[in-house]
Amino acid sequence: MAALTEALQEQLRLALRASTTNPDLTLGAAGLEAAVLSVLQGGASIGVDVAIAELEALGIGVDWTLVNEAARDWARMYAGQLVQEIDFTSQRILQKEVAQWIASGEHLDKLKEALAPVFGERRAQAIAATETTRAYAEGNIATWKESGIADYGPSTKPPAHPNCRCSLSLVEEPDGSWQYIWNAANDELMCDVCEGLNQTGVGLAKAAPL
Ligand SMILES: [Zn+2]
């Protein structure tokens, strides 16, 4: 997964970097949308593939085409929304920083410095990591639902915070019901929120058979 995430991050980074050459400093909408869609579709399709492999190991078959269609539909729908959110945040910070810069009478370099976090690599990486986590979970859930192992969605799902790299899994309880379990990413990026959620139940996926 690491190599793919890296490749996706690179695409998003390039799109964001290219956008800084626009005269008005806004994001290049088409480039950003393509990069975002690529991140989401990449993450969702890994989520689907991993879930299918795990279900097949349990002897449960899944219609690969149907699940992938559902994952692609979700990615297309959510990409538009995400691009709007990214643009909105960028515009808001841009307006604030430009107003402050004009008032200050400082050199242009000062403005460039202030805007670096908005259009820079760090934000691109955070968006790519966070959205890959979201897409992966959506791919998992779509597969579990299609397989019939889950009837309901989880009560909460990753990401829980920017840069969240947590995931969900399903466990069968002794009564035959299936529960969602939160798996906190066990690395230096794990936040307090996720540490508390680690290995706890986050919703009933399927009720016990009668
Ligand atoms: Zn997390």
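Just above, that's the structure.
Residues numbered from 1 in each chain as written. Predicted model: local features only at pLDDT ≥ 70, side-chain atom pairs only at ≥ 80, totals over all residues.

> Is there a simple way to think about the nonpolar core in this case?
Generally speaking, a soluble globular protein has its nonpolar side chains buried in company with each other. By size, the foremost hydrophobic cluster in this structure holds 39 residues, and its most contacted members are Val36, Leu40, Val48 and Ala71. For this core, the secondary-structure elements that each account for two or more residues are helix 2 (29-57), helix 3 (64-104), helix 5 (121-147), strand 1 (167-172), strand 2 (178-183) and helix 6 (192-197). Take this core: its biggest share by element is ten residues, from helix 5. If near-sequence neighbours (up to four positions away) are discounted, Val48 is found in contact with Val67, Asn68, Ala71, Gly139, Ala142 and Thr143. (Core = buried A, V, L, I, M, F, W, Y, C linked by C-beta atoms within 7 Å. Buried ≥ 20, exposed ≤ 12 C-beta atoms within 10 Å, placed from the backbone. Helix = DSSP H or I, 4+ residues; strand = E, 2+ residues; numbered from the N terminus. Contact = placed C-beta atoms within 7 Å.)

> Help me out: how do you make sense of the packing of helix 3 against helix 5 in this one?
Angle between the axes and distance between the axes are the two parameters that describe a pair of packed helices. In contact at an axis separation of 10 Å, helix 3 and helix 5 are set at 150° when each is read in the N-to-C sense. Relative to helix 5, helix 3 is oriented roughly antiparallel. When you trace helix 3 past helix 5, the crossing you get is right-handed. Taken together, the residues of helix 5 that come into contact with helix 3 (itself represented by Leu66, Val67, Ala70, Ala71, Trp74, Ala75, Leu82 and Ile86) are Ile127, Glu131, Ala135, Glu138, Gly139, Ala142, Thr143 and Glu146. Partitioning the contact of helix 3 with helix 5 into residue classes produces eleven nonpolar, two polar and three charged. (Axes fitted to C-alpha atoms, helices over the stretch in contact; angles between N-to-C directions. Parallel < 35°, antiparallel > 145°, perpendicular 65-115°, else oblique. Left-handed = near helix turned anticlockwise from the far one by under 90°. Nonpolar A, V, L, I, M, F, W, Y, C, P; charged D, E, K, R; others polar.)

> Where do I start with the sheet that holds strand 1 in this structure?
Adjacent strands of a sheet pair through backbone hydrogen bonds, lying either parallel or antiparallel. Strand order in the open sheet formed by three strands is 1-2-3, with antiparallel pairing between adjacent strands. For this open sheet the edge positions go to strand 1 and strand 3 (201-206), each flanked by a neighbour on one side alone. On average, each strand axis in the sheet is tilted by 35° relative to the strand beside it, whichever way the strands run. Across six bridges, the pairing between strand 1 and strand 2 is antiparallel. Bridge pairing in strand 2 places Ser169 opposite Ile181. Against the sheet, helix 5 makes contact with strand 1 and strand 3, and its axis sits at roughly 25° relative to strand 1, the strand it touches most. (Pairing = 2+ DSSP bridges.)

That is the geometry; function is a separate question.
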